[in-house]
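Below are the chains, spelled out letter by letter.
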Amino acid sequence: MYDDMASTASVLYAKKDFSSMPDADFKVEDSDISALYNKDKGQYKLDEPTRLVNYISVNIVPSQADLLAGQQAVENALVAQLDRGSGPPRARRICRRAPEARTGRR
């Protein structure tokens, strides 16, 4: 059924990076921007209230020790859950292996 509905096309295209074209070759006046905005103003209307949110983004990369500590905490929680008789069957099989097989450490 999918093959009956599928369509294919052959496309040829050329690509030129915008950064390779000098800005001076493309003059845009403030009046051009205002005219385009006013023409399409309805597209920019928001029907729901908006909120301004300020935030910063900080990439925090855990150390190898942090990763191992996190892995150990998860394994300890899983083992505790399994000791109570709960937990999925696959987890029970994994935790029955030797501790070094679970953590990849020897």
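Please read all numbers here as calculations on a predicted model, not as lab measurements.

### Quick look at the overall build of the chain
Logical step 1: Helix and strand counts for the chain stand at 5 helices and 0 strands.
Logical step 2: Along the chain, from the amino end to the carboxyl end, the secondary structure elements read α-α-α-α-α.
Logical step 3: Entry remark: accessible area of the chain is about 10,600 Å², with carbon and sulfur atoms responsible for 54%.

### So, the packing of aromatic side chains
Logical step 1: Going through the model one piece at a time under the given rule, you end up with 1 aromatic pair.
Logical step 2: Measuring from ring centre to ring centre gives 5.4 Å for Y37 and Y44, while their planes differ by 15°; the resulting arrangement is stacked.
Logical step 3: Owing to a relative accessible area of 41%, Y37 belongs among the partly exposed residues under this scheme.
Logical step 4: By relative accessible area, which is 46% here, Y44 ends up partly exposed.

### A few points about the pattern of salt bridges
Logical step 1: Applying the stated criterion to the full structure yields 3 salt bridges.
Logical step 2: In this structure, K15 engages D17 in a salt bridge whose closest nitrogen and oxygen atoms are separated by 2.8 Å.

### Brief notes about the confidence of the model for the chain
Logical step 1: Scored by pLDDT, the chain comes out at a mean of 81, with 76% of its residues at no less than 70.
Logical step 2: By mean pLDDT, helix α5 (residues 99–103) is the weakest element of the chain at 54, and helix α2 (residues 30–39) is the strongest at 94.

### Quick word on helix α3 (residues 64–83)
Logical step 1: If you check α3, its first and last C-alpha atoms are 28 Å apart, about what 20 residues at 1.5 Å a residue would give, namely 28 Å.
Logical step 2: Following α3 by one or two positions, G85 has its phi on the positive side, about 90°.

### Observations concerning a nonpolar patch on the surface
Logical step 1: A cluster of nonpolar side chains, namely I56, V58 and I60, defines an oily patch on the protein surface of about 380 Å² accessible area.
Logical step 2: Within the secondary structure, I60 sits in the loop between α2 and α3.

Thresholds, definitions, all that
- Residues numbered from 1 in each chain as written.
- Predicted model: local features only at pLDDT ≥ 70, side-chain atom pairs only at ≥ 80, totals over all residues.
- Heavy atoms only, no water.
- Helix = DSSP H or I, 4+ residues; strand = E, 2+ residues; numbered from the N terminus.
- Areas by Shrake-Rupley, 256 points an atom, 1.4 Å probe, with all protein chains shown as cover.
- Phe/Tyr/Trp six-rings, centres within 6.5 Å; stacked < 30°, edge-to-face > 60°.
- Buried < 20%, exposed > 50% of the residue type's maximum accessible area, 1.4 Å probe, protein only.
- Salt bridge = Lys/Arg side-chain N within 4 Å of Asp/Glu carboxyl O.
- pLDDT = per-residue confidence, 0-100.
- Expected span 1.5 Å × (residues − 1).
- Patch = residues over 30% accessible without salt bridge, like charges linked within 9 Å, V, L, I, M, F, W, Y side chains within 5 Å.

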